[in-house]
Amino acid sequence: MKFNTKAIHGGQENIDPAYNSVMPPIYQTSTFKQDKIGNHPEFEYSRSGNPTRAAFEKSIASLENGTYGLAFGSGLAAIDAVLKLLKPGDEVVCTSDLYGGSYRLFTKIYEDFGIKFRFIDMSEAAKIEQYINEDTKLIWVETPTNPMMNIIDVQAVAGISKSHKILLAVDNTFATPYLQRPLGLGADIVMHSATKYLGGHSDVVMGALVVKEESLAKKLYFIQNASGAVPGPQDCFLALRGVKTLHVRMQRHCENGKSIAHFLKSHANVERVYWPGFDDHPSHQIATKQMTDYGGMVSFTTKKGTMDSAVNVVERLKVFTLAESLGGVESLAGHPATMTHASIPKEEREKTGVVDSLIRLSVGIEDIDDLIADLEQALI
Ligand SMILES: *Cc1c(COP(=O)(O)O)cnc(C)c1O
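Anyway, here's the lowdown on the structure attached to this text.

What counts as what
- Residues numbered from 1 in each chain as written.
- Predicted model: local features only at pLDDT ≥ 70, side-chain atom pairs only at ≥ 80, totals over all residues.
- Heavy atoms only, no water.
- Near = heavy atom within 4 Å.
- Polar contact = N/O pair within 3.5 Å; in protein donor to acceptor, adjacent residues only side chain to side chain.
- Areas by Shrake-Rupley, 256 points an atom, 1.4 Å probe, with all protein chains shown as cover.
- Helix = DSSP H or I, 4+ residues; strand = E, 2+ residues; numbered from the N terminus.
- Nonpolar A, V, L, I, M, F, W, Y, C, P; charged D, E, K, R; others polar.
- Salt bridge = Lys/Arg side-chain N within 4 Å of Asp/Glu carboxyl O.
- Buried < 20%, exposed > 50% of the residue type's maximum accessible area, 1.4 Å probe, protein only.
- Pairing = 2+ DSSP bridges.
- Contact = heavy atoms within 4.5 Å.
- Axes fitted to C-alpha atoms, helices over the stretch in contact; angles between N-to-C directions.
- Core = buried A, V, L, I, M, F, W, Y, C linked by side-chain atoms within 4.5 Å.

What follows deals with the site of the ligand. As a structural note, the neighbourhood of the ligand is formed by 14 residues, with Gly75, Asp171, Ser193, Thr195 and Lys196 the closest of them. In the environment of the ligand, an oxygen atom lies 2.8 Å from a nitrogen or oxygen atom belonging to the side chain of serine 193. Here an oxygen atom of the ligand and a side-chain polar atom of threonine 195 are 2.6 Å apart. When the ligand sits alone it has 380 Å² of accessible area, and the protein chains cover 93% of it. Secondary structure elements with two or more residues in the shell around the ligand: α3 (75-83) and β6 (189-193). Residue composition of the shell around the ligand, by class: six nonpolar, five polar and three charged.

Dropping the structure here:
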């Protein structure tokens, strides 16, 4: 099956043995009747497994060309499950301009448990080597990065992780499997905030992991069940419904993102535009190699360069909604310095380019003329 067919049918065979419904029922139950003691049915308790959740897990595993999918109550719960593979003394090498919530989880929770994180610029994969030692157990990559749209060469990083027998996890939230499939590039774990493009309608908070290897899947399944950060069946249903239109939404997100990136680049009140589709983007070639298109996320700085100038633009927008999050059908605008990245100290975030005048757009799938007119009136 090709991608668009998989988005709709992947892993969905025999989804409802009871009545053959086309969409899986929402199995709103915590437990399942057992016929006999010791005779374990496929589903026995909804933390351990639930048919609606399984339908979503199989769908995302299929789209990522993985073997096992695991759903979590949020993207951060999915990341948390990966970190629980580690032990005190272990080290993690990760991308420096990371999603703010991931940075907070790493530094404010897991550092206290004795895990060390090295935040580094991964634009040249070869540079990673010097940060690896015998305690390094995990490389954590986000690409495109949030909100600077840096692209990391997953295949090159996988070469390093494999030679040192270190796990490589890729946060694929921004790209989605429509644009890139990290397992095929050599990653061991793909992570998603399904809250974003997978769900796609800003109506559910959920996360997912996908892996290929059975022993790793078993460890993660053990953590999923033992720690219990699972989503409810209603949320799984919504995420699965979202996934079924992922390909058509992504196509439009990419088209609109491209038009907006070009519009901003030629605007007199815009200083710089960050979008991996530009020829002069520092990692344009890697983006073209590992992604099928450039996505719907665009960041830019104002010419004036001040906090006020950015805040004014964002507050004047009418079609774009001022909000946290991304990846929904509606266009959103955010101010990373005071919103998504507020938990990262100013010196730290400015080192990675998250300056006060930076605005991040999640370009939705509205009519492009309305989106451009909105930006035009806001950028006065
Ligand atoms: C939103 C997001 C997360 C966290 O996901 P939640 O569902 O909000 O917990 C992690 N990584 C990236 C890139 C995100 O955008």
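With that settled, consider the pattern of salt bridges. Close approach of charged atoms allows side chains with opposite charge to pair. Applying the stated criterion across every chain yields a total of 14 salt bridges. Where lysine 265 meets aspartate 280, a salt bridge forms, and the shortest distance between an N and an O atom there is 3.1 Å. Of the two residues, lysine 265 sits in helix α9 (residues 246-265) while aspartate 280 sits in the loop between β8 (270-274) and α10 (284-290), which places them 15 residues apart along the sequence. The class for aspartate 280 is exposed, based on a relative accessible area of 56%. Residues aspartate 356 and lysine 346 are paired through a salt bridge, measuring 3.0 Å at the closest nitrogen-oxygen approach. Taken together, the positions of aspartate 356 in the loop between α12 (346-351) and β12 (358-362) and lysine 346 in helix α12 put the pair ten residues apart, joining distant regions of the chain.

Counting buried positions over the five residues of β12 gives five, a clear majority of the element. The two faces of β12 match: Leu358, Arg360 and Ser362 on one face and Ile359 and Leu361 on the other face are all buried. Pairing between strand β9 (residues 297-302) and β12: five bridges, direction antiparallel. Residue pairing for β12: threonine 301 is matched across the bridge by leucine 358. In the sheet, strand β11 (residues 332-334) pairs with β12 via three bridges, with the strands oriented antiparallel. Paired with glycine 334 across the strands is arginine 360, a residue of β12.

With eight of eleven residues buried, helix α8 (residues 233-243) is to be regarded as a mostly interior element. Every buried residue of α8 is accounted for by Pro233, Cys236, Phe237, Leu238, Ala239, Leu240, Gly242 and Val243. Looking at the packing, one finds that the buried side of α8 touches α1 (3-9), α2 (51-63) and α9.

What follows covers the sheet that holds strand β3 (residues 116-120). Here seven strands make up an open sheet; going across it, the order is β1-β7-β6-β5-β4-β2-β3 and the pairing mixed. Since the sheet does not close on itself, it has two edges, and those belong to β1 (68-72) and β3, each with one partner. The mean angle between the axes of side-by-side strands here comes to 20 degrees, regardless of whether they run parallel or antiparallel. Strands in contact with helix α4 (residues 100-110) are β2 (91-95), β3 and β4 (136-142); relative to β3, the strand with the most contacts, it is inclined by about 145 degrees.

So, on to the nonpolar core. Phe56, Leu264, Phe300, Leu361 and Leu375 are the most contacted members of the largest nonpolar core, which has 65 residues in total. Broken down by element, the residue count for this core peaks at seven residues, all from α9. Here phenylalanine 56 is in contact with Ala71, Ala194, Met206, Ala208, Cys236, Ala239, Leu240 and Val243, once residues within four sequence places are set aside.

Any link to function would need more than the numbers given here.
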